[in-house]
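Chain by chain, the residues:
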Amino acid sequence: MGEDGGLTYGPRGATAPQVPLWSASPPGFRRYERTVTIGRGEDAWNAAREAVLRWEVKRRSGFAVVPADGGGTDARERGRYTVTAGLGRCVVREPVEVVAVVETGDRCGFAYGTRRGHPVSGEEAFIVHRDDDGRVLLTLRSLTRAAPTGPWRPLFPVLLLAQLHVRRRYLRVLRDAGVRSRGPRSRPRTPPAPPAV
C-alpha cells in the first residue's frame, strides 16, 4: 500500500467510521474495535456529538491537539493536526490528518491517519452513535503497525503497551457525566519544547 499525500499507510478511511459494521480491513495491521455505553438520552447525545468533533476524547485523555495547517480546531476532512503528549521535557509529537468525518442523525465522528514522523503507522476512529433505546455509545476503532521508518520503529512493542493504556482512557472519558458539555471550547495545552533528538 502506498502513501496517500503524506499518510504512512493506505487506504485512507480504512476504519470506516460511517458504517455500523466494520468488516474489511487491510492486512498487516493490528485491528482493534470496542464499543462502550457513555450515556442515555438527547442531552447525552448532543454533548457527545459536540465533544467527539472537538477532539475531546484525545484532549480529556491528556493530549493536546493543535491545527497544523492554519485551519480550525474541530475535526474536519483533510485537516492536519499535531497531537502532543508528554510529561515534563519528554514530549512526543504526532502529525496526523483527518481522513473521514461522519455526521448523521444517529452517528457522528471521525477517523485520523498517521503522517510522516508519527511513532506508529495506521488509523484511529472515534464514533458516537445511539440506538433505538436512547443509549449513546462510543466506538473506538484502530489499525496499527510499526512506523515505516524513523527512530520509533524499534520501539513498536513498547508503543503497543502504551496504546493499551491510552485506549482505556479513551473509553472512559465521555462516560455519563464526562459527556456533559464543559462550557466554552477547551483550549489545548501547550507542552514544553521537546529535548533535541
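Because the structure is predicted, anything quoted here is derived from the model rather than measured.

**Focus on the pattern of salt bridges**
Across all of its chains, the model carries twelve salt bridges by this definition. Taking the shortest distance from any N to any O, the salt bridge between E97 and R12 comes out at 3.0 Å. With E97 in strand 4 (residues 90–103) and R12 in the segment before strand 1 (30–40), this pair connects stretches of sequence that are 85 residues apart. Residue E97 shares its accessibility class with R12, and that shared class is buried. For R141, the salt bridge identified is with E33, shortest N-O distance 2.8 Å. Separated by 108 residues along the polypeptide, R141 in strand 7 (residues 135–146) and E33 in strand 1 bring together distant segments of the chain. Using a relative accessible area of 36% as the deciding quantity, one classes E33 as partly exposed.

**Structural notes on the environment of D131**
Note on placement: D131 falls in the loop between strand 6 (120–130) and strand 7. Residue classification places D131 among the partly exposed residues on the basis of a relative accessible area of 22%. With 91 residues separating them in the primary sequence, D131 and R40 have C-alpha atoms 9.6 Å apart. Here D133 takes part through its backbone nitrogen, which lies 3.0 Å from a polar atom of the side chain of D131.

**With respect to a positive patch on the surface**
Where like charges cluster on the molecular surface, the positive patch consists of R34, R168, R169, R172 and R175. Residue contributions to the positive patch peak at three residues, all from helix 3 (residues 156–173). Take R168: it is sitting in helix 3.

**Notes on the confidence of the model for the chain**
When pLDDT is averaged across the chain, the result is 86; 86% of the residues are at 70 or more. Here helix 3 stands out as the least confident element of the chain, with mean pLDDT 88; strand 5 (residues 107–114) is the most confident, with 98. Note on residues 180–197: pLDDT is under 50 here. Beyond four places in sequence and across chains, it has 29 contacts.

**With respect to the nonpolar core**
The biggest cluster of nonpolar side chains holds 31 residues, and the ones touching the most others in it are I38, W55, V57, F110, F126, V128 and Y170. Those elements that provide at least two residues to this core are strand 1, helix 1 (42–53), strand 3 (80–87), strand 4, strand 5, strand 6, strand 7 and helix 3. Here this core gets six residues from one element, more than from any other, and that element is helix 1. Counting twelve residues, the second-largest nonpolar core is a separate cluster that includes L7, W22, A100 and L143.

Each value, and the rule that gives it
- Residues numbered from 1 in each chain as written.
- Predicted model: local features only at pLDDT ≥ 70, side-chain atom pairs only at ≥ 80, totals over all residues.
- Heavy atoms only, no water.
- Salt bridge = Lys/Arg side-chain N within 4 Å of Asp/Glu carboxyl O.
- Helix = DSSP H or I, 4+ residues; strand = E, 2+ residues; numbered from the N terminus.
- Buried < 20%, exposed > 50% of the residue type's maximum accessible area, 1.4 Å probe, protein only.
- Polar contact = N/O pair within 3.5 Å; in protein donor to acceptor, adjacent residues only side chain to side chain.
- Patch = residues over 30% accessible without salt bridge, like charges linked within 9 Å, V, L, I, M, F, W, Y side chains within 5 Å.
- Areas by Shrake-Rupley, 256 points an atom, 1.4 Å probe, with all protein chains shown as cover.
- Lys, Arg positive; Asp, Glu negative; His and termini not counted.
- Charge placed at Lys NZ, Arg CZ, Asp CG, Glu CD.
- pLDDT = per-residue confidence, 0-100.
- Contact = heavy atoms within 4.5 Å.
- Core = buried A, V, L, I, M, F, W, Y, C linked by side-chain atoms within 4.5 Å.

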